[in-house]
Amino acid sequence: MDGNFRIVIAGGGRVGNRVAHILDDRGHDVTVIEQDPDRAEALSDDYVATVIEGDATRPGVLEQADLERADVVAALTSLTGTNLAVCLLVRELAPDTQTVVRTEREPGEEFDRFVDEVIFPERAGARAAVNAIEPDVSALEDVTGTLDILEVHVAEGAPVAGRSLEEVSLPHGSLVVSDAAGDTLAGPETVLHPGESYLVAVEPSVVDEVLNLFRG
Amino acid sequence: MSAGDRAPAAELGLLDATMIGMGAMIGAGIFVLTGLAADIAGPAAILVFMFNGVVTAFTGLSYAELAASIPKSGGGYAFVRETFDDLPSFLMGWMLWFAYMIAGGLYALGFAPNFLELLHVYGLTAAPGEVGAVAVPVVPVSIPASVGLALAAVGLLVTVNAVSTAASGSAETLFTAVKVAILVVFVAFGFLSAGGGGETSFTFQQFDPLFPEGTSAFSILPAMGLTFIAFEGYDLITTVTEEVENPRENIPRAIFYSLGATVVVYALVVVVAIGTLGAEGLAAAGEAGIAEAATSFMPTGLPIIRNGGALIVFGAVFSTLTALNAVVIASSRVAFSMGREGQLLPRIGRIHHRYGTPFLAILLSAVVMLGSVVLPTESAGNVSSLFFLLSFVVVNAAVIKLRRERPDMRRPYEMPYYPIPAVLGIALNLLLTGVLVVYLVRTDPLALALSVGWILAGALAYYALRARGEGSTPERRGASDAEPSGADAPTDTSNAEGGVD
């Protein structure tokens, strides 16, 4: 799958809100379903997503997010039960749409039959806490300010596919760090092979544009 | 706007957004179309632009509601794509794309005579009507100077946009301020010339009778239809929403302020132009009507600019060029988003690896734009207006469809007295479409044939792309063969009665 996705997020709280912002930066179409009027209002003020105000576990509300056109539905409320209910409804209403569920406990394999991906944000939170406590070593997501270090896959037929960095003009504020194998630094002669992934450092304002060039 | 835009930091204020809207609407229409409107409606041309403002105000409400609730910088096509099934949204994009490309041709055609007038004012060439064909060196044909100039203007702006990302919105603010200032000077001198006794002094006698003999008040309807293109500015405002601060308040305001200001400017300029040159003189001057009127009553013998009229003529040249630039960007952006949505070849929805612009989308748009330069100005205006009218109908329908199917969607701006404005918008735009089509059957079958041909070509392209794309373009999985979204409408509507959680 290339191009931009249509993503539905159930729950616009701390996690859902951040996810919506990041996905919007990357140029995707985002719809958020949020029950709390204040949060819903704050989200529509941010102008990153279409906001549906209501309870995502109600089919009549969930369907307003146009599930059949969505690529992914991510249920990100703080309640595992609610999230699971949303994903099961999506399976029923739009079986082709991928589902991502957020859990509040360390996930085992118990959800694998019902959803496509399980995420456990507290694990990342724990890593951030460890980074703060032990300052000499930091996991990557915590060391850059707003800069993103991304591993980006070059899609078949993308504008940059098969071209060397010399031939490509990436926007200011972006830098290809490593070659495909990940063991040498990229230089002007580095070729961006389709099907391979590259480490790229990007300022948030140009993420969308860089991704456009890589994924076509 | 262009896909090359950096994911934008919200940096445009209310003033900038309003100026972008005014810049688009005041653009070239006022210079190029006033003569045409006077030709059909006589002195009643003044009513033409005012009524058009009223008709578009309803569509403006719809644009405001959609732009505030769907956070996308896509303009009408993006909103309709969000709301409708594949085929209707494809046709919407297809029509809008053509409307912008033809508008490009129209502005280029308006640029040429005004540019010649500018050269004439400085005594560099003969009066526009007397400039003959220019023999092109290498090519063994001679093309009319105006067509050559129009081609050159399109070629230049397309090249600039193809190889670099476009100028920012703040430059647009400056451009618009210049245009409006020049028009204010025009209006002021026009009224000051009243009572001067000269042949072209401003007088209200020019408005009597308001409707030329043998015509009724309905004669303004076709003129409304064909000058409708002037109001494409709506679509342009909503293409930059992501860059506007506090969009949910500022976008609707910018839409209404720019519409109000534009209608006032149009009304004043048309009053002055008719009051000085007279409707017949204006009609005879065609695309250079305003410029000619200005040359006739502005003071002469000034330092540097020599001739007051030169200022207005410069304004016309400047406006047609900036408007041309705007539609080069707008047309390629529509094609680009269609490519990105998988509704045109995906290649069209790509940024060029070297130039960082939607190169192919710009190139394709350029081909049609260059082709349309050979059209008569009037036909270009007709086709473009027709498609803008139709796409405004769809935008109004999109508001109604969204309200029914997604009652719980947050609408930071809701139009007052829903659904009356949207329904009126549909009805009035359809009325004008009908009148325009009838008028075209009688007077401009070429424009009609082009429009029908473009839609048929679109339908063909749509089915050809779908046949080709079956299974190989996964972007819109489910959208093509799944049950159309009409299936969920009943549930949603019943839900609407239940209210919001």
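Please read all numbers here as calculations on a predicted model, not as lab measurements.

Helix and strand counts for chain B come out as 17 helices and four strands. Put simply, chain B has 501 residues, and 59% of those count as buried. When contacts within chain B are restricted to residue pairs at least 6 apart in sequence, those whose partners lie at least 24 apart make up 82%. For chain B, the accessible area works out to roughly 18000 Å², and carbon and sulfur atoms hold 68% of it.

Below, the discussion takes up the overall build of chain A. Looking only at helices and strands, chain A has six helices and eleven strands in total. Since a compact globule built from 216 residues should have a radius of gyration of about 17 Å, the 19 Å found for chain A is in line with a globular shape. For the C-alpha atoms alone, the extent of chain A along its principal axes is close to 55 × 45 × 35 Å. The buried share of chain A, taken over its 216 residues, is 50%. Nonlocal contacts in chain A, meaning residues at least 24 apart in sequence, comprise 55% of its contacts between residues at least 6 apart. Total accessible area on chain A is roughly 10000 Å²; 50% of this is exposed by carbon and sulfur atoms. Computed over 15 positive and 42 negative side-chain charges, the separation of the two mean positions in chain A equals 6 Å.

This paragraph deals with the confidence of the model for chain B. All names here are of chain B. The predicted model of chain B has a mean per-residue pLDDT of 78, with 79% of residues at 70 or higher. The least confident element of chain B is helix α17 (residues 489-498), whose mean pLDDT is 36; the most confident is helix α15 (residues 420-443), at 92. Taken together, the stretch residues 129-141 has pLDDT below 50 and engages in 16 contacts with residues farther than four places along the chain or on a different chain. Note that residues 471-501 has pLDDT below 50 and, in this model, 54 contacts with residues that lie over four places away or in other chains. With pTM at 0.82, the complex prediction returns an ipTM value of 0.81.

This part is about the packing of helix α3 (residues 45-69) of chain B against helix α10 (residues 247-285) of chain B. Each pair of packed helices can be described by the angle between their axes along with the distance between the axes. Residues and elements named next belong to chain B. At their nearest, the axes of α3 and α10 sit 10 Å apart, and the two run at 170° to each other. Judged by the angle between their axes, α3 and α10 are roughly antiparallel. Looking at the contact of α3 with α10 residue by residue, the classes come out as 21 nonpolar, three polar and one charged.

Below, the discussion takes up the nonpolar core. Inside soluble globular proteins, nonpolar side chains tend to come together where they are buried. A:F214, B:F186, B:L324 and B:L344 are the most contacted members of the largest nonpolar core, which has 197 residues in total. Every residue in contact with B:L344, bar those within four places of it in the chain, is listed here: B:F90, B:W94, B:W97, B:A335, B:M338, B:G339 and B:L465. Counting residues in each nonpolar core, the second largest holds 16 residues, with A:I7, A:V30, A:V32 and A:V72 among its members.

Inspection of the secondary structure assignment puts B:G281 in helix α10. Along the chain, B:G281 and B:A293 lie twelve residues apart, while their C-alpha atoms are 8.6 Å from each other.

All right, on to the sheet that holds strand β1 (residues 6-10) of chain A then. All names here are of chain A. Sheet architecture is open: six strands sit in the order β3-β2-β1-β4-β5-β6, paired in parallel fashion. The two strands at the open ends of the sheet, each matched to only one other strand, are β3 (50-53) and β6 (117-119). With direction set aside, neighbouring strand axes in the sheet form an average angle of 20°. In terms of strand pairing, β1 meets strand β4 (residues 72-75) through four bridges, oriented parallel. When the bridges of β4 are listed, I9 appears paired with A74.

Every regular strand shows the same layout, with side chains that alternate between the two sheet faces. Residue and element names in this part refer to chain A. Counted residue by residue, β1 has five buried out of five residues, so it is predominantly covered. Here β1 shows no split at all, with R6, V8 and A10 on one side and I7 and I9 on the other all buried. The pairing of β1 with strand β2 (residues 29-34) spans five bridges and is parallel. Bridge pairing links V8 to T31 in β2. Each parallel crossover has a hand, and the one from β1 via helix α1 (residues 14-25) to β2 is right-handed.

Let us look at unusual backbone geometry. The amide bond that connects B:Y418 to the next residue, B:P419, takes the cis arrangement and shows omega of 0°. Looking at the element boundaries, B:P419 is found in the loop between α14 (377-405) and α15. Positive phi, close to 55°, is recorded for A:D66, a residue that is not glycine. Structurally, A:D66 is set in the loop between α3 (59-62) and β4. We note that B:Y417 has phi near 55°; this positive angle belongs to a residue other than glycine. Tracing the backbone through its elements, the reader meets B:Y417 in the loop between α14 and α15.

Below, the discussion takes up helix α6 (residues 207-215) of chain A. Because each turn of an α-helix spans 3.6 residues, side chains separated by three or four positions end up pointing in the same direction. Residue and element names in this part refer to chain A. Counting buried residues in α6 gives nine out of nine residues, a clear majority hidden from the surface. If you check which residues of α6 are buried, you get V207, D208, E209, V210, L211, N212, L213, F214 and R215. Among the residues trailing α6, G216 stands out with phi positive, at a value near 75°.

Rules of the game
- Residues numbered from 1 in each chain as written.
- Chains lettered and ligands numbered in written order.
- Predicted model: local features only at pLDDT ≥ 70, side-chain atom pairs only at ≥ 80, totals over all residues.
- Heavy atoms only, no water.
- Helix = DSSP H or I, 4+ residues; strand = E, 2+ residues; numbered from the N terminus.
- Buried < 20%, exposed > 50% of the residue type's maximum accessible area, 1.4 Å probe, protein only.
- Contact = heavy atoms within 4.5 Å.
- Areas by Shrake-Rupley, 256 points an atom, 1.4 Å probe, with all protein chains shown as cover.
- Rg over C-alpha atoms; globule rule 2.2 N^0.38 Å.
- Lys, Arg positive; Asp, Glu negative; His and termini not counted.
- Charge placed at Lys NZ, Arg CZ, Asp CG, Glu CD.
- pLDDT = per-residue confidence, 0-100.
- Axes fitted to C-alpha atoms, helices over the stretch in contact; angles between N-to-C directions.
- Parallel < 35°, antiparallel > 145°, perpendicular 65-115°, else oblique.
- Nonpolar A, V, L, I, M, F, W, Y, C, P; charged D, E, K, R; others polar.
- Core = buried A, V, L, I, M, F, W, Y, C linked by side-chain atoms within 4.5 Å.
- Pairing = 2+ DSSP bridges.
- Right-handed = clockwise from strand over helix to strand, strands pointing away.

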